[in-house]
Amino acid sequence: MEETLYEDEGISISELIGIVLKHFKLLLIVFGIIVLACVGYILMNDPTYTATTTVSVESIKNLTAWNTSRGDIRNITTELQFLTRDETVRSALGKLNLASYVRKDGSTYEDLLTDKKKFKGLQEAITTSEIKDTNSVSISLEHSNPVFAQDFLKALTSEFSAAVETEARTQLKNTKAELSAKLESLVYSLSNLKLELEELQNSSNSDYQNTLAIFETTNVADNMTNRTNTYLGLTNPALLELAQRISEETTLVADYRIQLQTLDAYMSSQMYPVVVINQTELLNEDGESNNLLILAVGVLLGAALALLSTLLAEYLSDTIDDEQSLKKILEKEAKILTTIPPGSKDINTEMEILEHPDSAAGSAYTHLAGIMMYAPNTNIFTLGSLSYGEGTSYTTLNIALSMVKSGKRVLVIGTENEGMNYQRLYAKITSHVEIASSAHLHSFSLDKPCKPAGEGPELDIAVLDTDPKELGQILNSSQFVEYLGSVSALYDVVLIDGPTFRSASNLLAVSRATNGLILNIRSFVGSRGMLKALLHTFELCNLPLAGVILNNIAGKPSYQERQEIKAHDKALTALMSGNGSGREAKLLTKASSR
């Protein structure tokens with residue numbers, strides 16, 4: 001058998017339903033926690049109000065176009081950055097009387113200017129949505145205070161406009177400064193040229209005087225070329241070049257002065273960077289809490305996480321809890337002989353066949369006894385389990401009692417020796433009048449095989465009261481095989497209350513001496529991993545697994561019982577390995593006294 005015996009091959013709807021029902025309590029807890037968390041959030045969360053306004057934003061490029069026509073610029077991404085800048089938001093807050101806005105806890109909104117976290121939260125609550133193919137934008141603010149939301153958005157729009165205008169005017173001032181600097185440089189240059197021309201006038205002939213008179217006339221630019229050729233063409237070529245330079249720079253000076261006058265006029269005019277299209281208003285006057293949406297998400301999330309938690313719990317669980325999980329592991333290795341249902345709730349379930357034979361559990365024991373009594377080719381059966389606490393001894397004795405009630409002579413050999421108190425069980429059996437005279441308790445001896453007292457129905461219990469090491473020597477000896485041969489001829493059925501798989505060598509020895517093992521697995525206790533290991537071991541040793549009993553008579557163990565089973569297993573492992581002490585032995589003695 002391969003290691004991958006229990007790997008997933010998909011999951012059917014019926015399996016999923018089974019897993020959900022199995023972990024239904026966990027599913028309800030996880031689902032309830034998530035839904036309650038959502039309800040708590042809804043109750044604690046304040047409703048949110050959304051204030052909105054629509055504005056038209058002029059681009060800075062158009063605002064600074066003082067000497068050209070404005071273009072159709074619809075990309076206002078740069079301008080929108082001024083909306084949520086720290087300076088803009090602080091200026092908007094500064095316009096409001098923050099002390100007049102009070103929260104539920106009595107605090108005012110003045111801390112918006114001092115608390116960085118709250119200030120950042122306010123910035124993040126501002127959202128914009130550009131209207132396609134226009135330079136218009138919708139500005140929104142979500143806040144728990146509807147009055148503050150509207151007042152702040154109005155102030156923010158105003159400060160946004162001021163911030164854009166300030167940036168545009170700053171750029172215009174820079175442009176004016178550049179023009180003024182160029183004009184100043186030209187005026188200085190023109191002054192020097194005139195001085196140079198005056199020097200030439202004083203040092204030259206009368207032609208220079210005539211040239212100077214020409215330069216000082218009103219139409220100097222129009223007549224310069226002809227007059228210069230007339231008066232200076234034959235005297236000094238340098239004067240012609242000088243005259244041309246003076247003419248050009250005089251024109252530039254006049255042009256720059258006109259530009260500055262135009263720029264000053266533009267800067268003194270009113271700018272409209274941001275124009276309000278739709279006044280500030282509330283979109284949801286009753287508040288938008290999204291309670292139904294939050295609750296719906298909580299229900300869906302709770303259902304999903306609850307289902308995932310049940311699947312995870314099933315994946316992490318190592319116990320065999322029902323027939324379905326048991327069948328998936330066994331496949332064709334062995335068949336399930338029966339499932340023993342929970343016993344009667346009003347009585348102790350140890351001796352169900354005596355206490356309440358007509359119960360579902362009693363009927364299951366009777367059915368199982370019938371299968372074993374009429375099994376072909378053998379009358380010796382070994383009943384074992386994976387670990388301590390799975391009720392193998394109770395199952396063995398209940399089957400034996402059912403056989404005795406059917407008129408059989410039955411020998412039970414108690415080899416488990418893991419804290420089982422056969423004296424107490426024998427006393428309980430003999431307390432019932434119908435079986436008292438037919439039951440006998442013996443100490444096991446290889447030299448003296450048990451014999452029936454008479455020809456009628458009888459239950460004999462032979463107990464191997466030895467330590468684990470001596471038990472192993474007995475079970476692995478040839479004398480034990482001879483012993484079984486002797487008693488099988490005297491009794492109708494021989495039942496061996498075998499060791500657990502924890503004593504693997506002993507369990508294999510007993511199984512080899514008989515025709516196979518009937519495995520008793522208690523629901524919610526039996527380990528999947530140990531069952532796989534046992535099946536693999538039996539396959540290697542070429543031993544048959546005659547069948548499996550799923551024992552659910554005691555129901556799901558409590559947390560305390562689980563801890564006791566773990567402590568018992570740990571103590572037994574220590575004693576079997578030779579590392580045990582008086583503490584472990586005392587623990588097993590305490591368990592056997594119950």
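Residues numbered from 1 in each chain as written. Predicted model: local features only at pLDDT ≥ 70, side-chain atom pairs only at ≥ 80, totals over all residues. Heavy atoms only, no water.

Visitor: Kindly report on the overall build of the protein chain, identifying the contributing residues and their values.
Guide: Assigned secondary structure in the protein chain consists of 23 helices and 12 strands. For the protein chain, buried positions account for 44% of its 594 residues. By sequence separation, contacts in the protein chain at least 24 residues apart represent 78% of the contacts at least 6 residues apart. For the protein chain, the exposed area adds up to about 31200 Å²; of that, 53% sits on carbon and sulfur atoms. (Helix = DSSP H or I, 4+ residues; strand = E, 2+ residues; numbered from the N terminus. Buried < 20%, exposed > 50% of the residue type's maximum accessible area, 1.4 Å probe, protein only. Contact = heavy atoms within 4.5 Å. Areas by Shrake-Rupley, 256 points an atom, 1.4 Å probe, with all protein chains shown as cover.)

Visitor: Describe unusual backbone geometry, naming the residues involved and giving the relevant values.
Guide: Negative phi values dominate among residues other than glycine, just as trans dominates among peptide bonds. For aspartate 133, which is not a glycine, the phi torsion comes out positive at approximately 65°. Position of aspartate 133 relative to the elements: it lies in the loop between strand E2 (126-130) and strand E3 (136-143). Despite not being glycine, phenylalanine 524 has its phi angle at roughly 70°, a positive value. With respect to the helices and strands, the residue phenylalanine 524 is situated in the loop between strand E11 (517-522) and helix H21 (528-540). When its relative accessible area of 16% is taken as the criterion, phenylalanine 524 is described as buried.

Visitor: Which residues make up the nonpolar core, and what values go with them?
Guide: Leu93, Phe148 and Phe152 are the most contacted members of the largest nonpolar core, which has 55 residues in total. Contributions of two or more residues to this core are made by strand E1 (49-57), helix H3 (60-63), helix H5 (86-94), helix H6 (116-124), E3, helix H7 (146-203), helix H10 (237-267) and strand E4 (274-282). The dominant element in this core, judged by the number of residues it contributes, is H7, at 17 residues. Core analysis: the next-biggest nonpolar cluster, separate from the first, contains 35 residues, Phe381, Leu425, Val463 and Ile553 among them. (Core = buried A, V, L, I, M, F, W, Y, C linked by side-chain atoms within 4.5 Å.)

Visitor: So what's going on with the packing of helix H2 (residues 24-44) against helix H11 (residues 291-316)? Residues and values would help.
Guide: Describing two packed helices takes the angle between their axes plus the distance from one axis to the other. Following both chains from N to C, one finds H2 and H11 inclined at 155°, their axes separated by 8 Å at the closest point. The angle between the axes of H2 and H11 places the two elements in the roughly antiparallel class. Both H2 and H11 take part in a crossing whose hand is right-handed. Split into classes, the residues belonging to the contact of H2 with H11 amount to 18 nonpolar, five polar and no charged. (Axes fitted to C-alpha atoms, helices over the stretch in contact; angles between N-to-C directions. Parallel < 35°, antiparallel > 145°, perpendicular 65-115°, else oblique. Left-handed = near helix turned anticlockwise from the far one by under 90°. Nonpolar A, V, L, I, M, F, W, Y, C, P; charged D, E, K, R; others polar.)

Visitor: Can you explain helix H19 (residues 478-490)? Please cite residues and give values.
Guide: The end-to-end C-alpha distance of H19, which contains 13 residues, comes to 19 Å, matching closely the 18 Å that a straight helix rising 1.5 Å per residue would cover. For H19, the complete set of buried residues consists of Phe480, Tyr483, Leu484, Val487 and Ser488. Axial view of H19: buried residues confined to an arc of 130°, hence all on one face. The exposed set on the far side of H19, more than 90 degrees from its buried face, consists of Glu482 and Ala489. (Expected span 1.5 Å × (residues − 1). Arc of directions from axis to C-beta.)

Visitor: An account of the sheet that holds strand E9 (residues 458-463) is needed here, citing residue identities and associated values.
Guide: Read across the open sheet, the eight strands follow the order E5-E12-E11-E6-E10-E7-E9-E8; overall the sheet is parallel. If you trace the sheet from one side to the other, it starts and ends with strand E5 (336-340) and strand E8 (439-443), each paired once. Within the sheet, the average angular offset between the axes of one strand and its neighbour, ignoring direction, is 20°. As paired strands, strand E6 (residues 380-385) and E11 are joined by three bridges and run parallel to one another. Across the sheet, residue glycine 384 finds its bridge partner in E11, namely leucine 519. Along the sheet, H19 contacts E6, strand E7 (409-414), E9 and strand E10 (493-500); its crossing angle with E7, the most-contacted strand, is approximately 160°. Against the sheet, H21 engages E11 and strand E12 (545-551), with an angle of about 175° to E11. (Pairing = 2+ DSSP bridges.)

Visitor: Just give me the short version of the packing of aromatic side chains, but keep the residues and values in it.
Guide: A ring pair, where both rings are aromatic, is described by two values, the distance of the centres and the angle of the planes. Taken as a whole and assessed by the stated rule, the structure comprises six aromatic pairs. Here tyrosine 101 and phenylalanine 148 contribute two aromatic rings whose centre-to-centre distance is 5.2 Å and whose plane-to-plane angle is 80°, an arrangement assigned as edge-to-face. Taken as a pair, tyrosine 101 in the loop between H5 and H6 and phenylalanine 148 in helix H7 lie far apart in primary sequence, 47 residues in all. A residue is classified by how much of its surface remains accessible, and tyrosine 101, at 9% relative accessible area, is buried. In this structure an aromatic cluster arises from ring pairing among Tyr101, Tyr109, Phe148 and Phe152. (Phe/Tyr/Trp six-rings, centres within 6.5 Å; stacked < 30°, edge-to-face > 60°.)

Visitor: Please provide a residue-by-residue account of the sheet that holds E2, values included.
Guide: Here we have four strands laid out as an open sheet, ordered E2-E3-E1-E4, and antiparallel in their pairing. This sheet does not close on itself; its edge strands, each paired only once, are E2 and E4. The sheet shows a mean angle of 20° between the axes of neighbouring strands, taken without regard to direction. In this sheet, E3 lies alongside E1 in antiparallel orientation, the contact comprising eight bridges.

Visitor: Quick rundown of the environment of lysine 22? Include the residues and the values.
Guide: Structurally, the position occupied by lysine 22 is in helix H1 (residues 13-22). With relative accessibility at 18%, the residue lysine 22 sits in the buried group. Taking C-alpha positions, lysine 22 is 8.3 Å from aspartate 321, a pair spaced 299 residues apart along the chain. Sequence-distant contacts of lysine 22, defined by excluding residues within four places in its chain, comprise Glu314, Asp321 and Arg528.

Visitor: Residues and numbers for the side chain of threonine 319, please.
Guide: With respect to the helices, strands and loops of the structure, threonine 319 is situated in the loop between H11 and helix H12 (323-330). Side chain to side chain, threonine 319 and aspartate 321 meet in a polar contact 2.8 Å long. (Polar contact = N/O pair within 3.5 Å; in protein donor to acceptor, adjacent residues only side chain to side chain.)

Visitor: Which residues make up the environment of glutamate 281, and what values do they have?
Guide: Relative to the assigned elements, glutamate 281 resides in strand E4. On the basis of relative accessible area, glutamate 281 is assigned to the partly exposed category, the value being 44%. With 228 residues separating them in the primary sequence, glutamate 281 and threonine 53 have C-alpha atoms 6.6 Å apart. Setting aside chain neighbours within four positions, we find glutamate 281 in contact with Thr50, Ala51, Thr52 and Gln150.

Visitor: Lay out the side chain of threonine 64 in plain terms, naming residues and giving numbers.
Guide: Locating threonine 64 in the fold gives a position in the loop between H3 and helix H4 (77-80). Under the relative-accessibility criterion, threonine 64 is labelled buried at 17%. Within the structure, threonine 64 has its side chain in polar contact with the backbone oxygen of isoleucine 60 (distance 2.9 Å).

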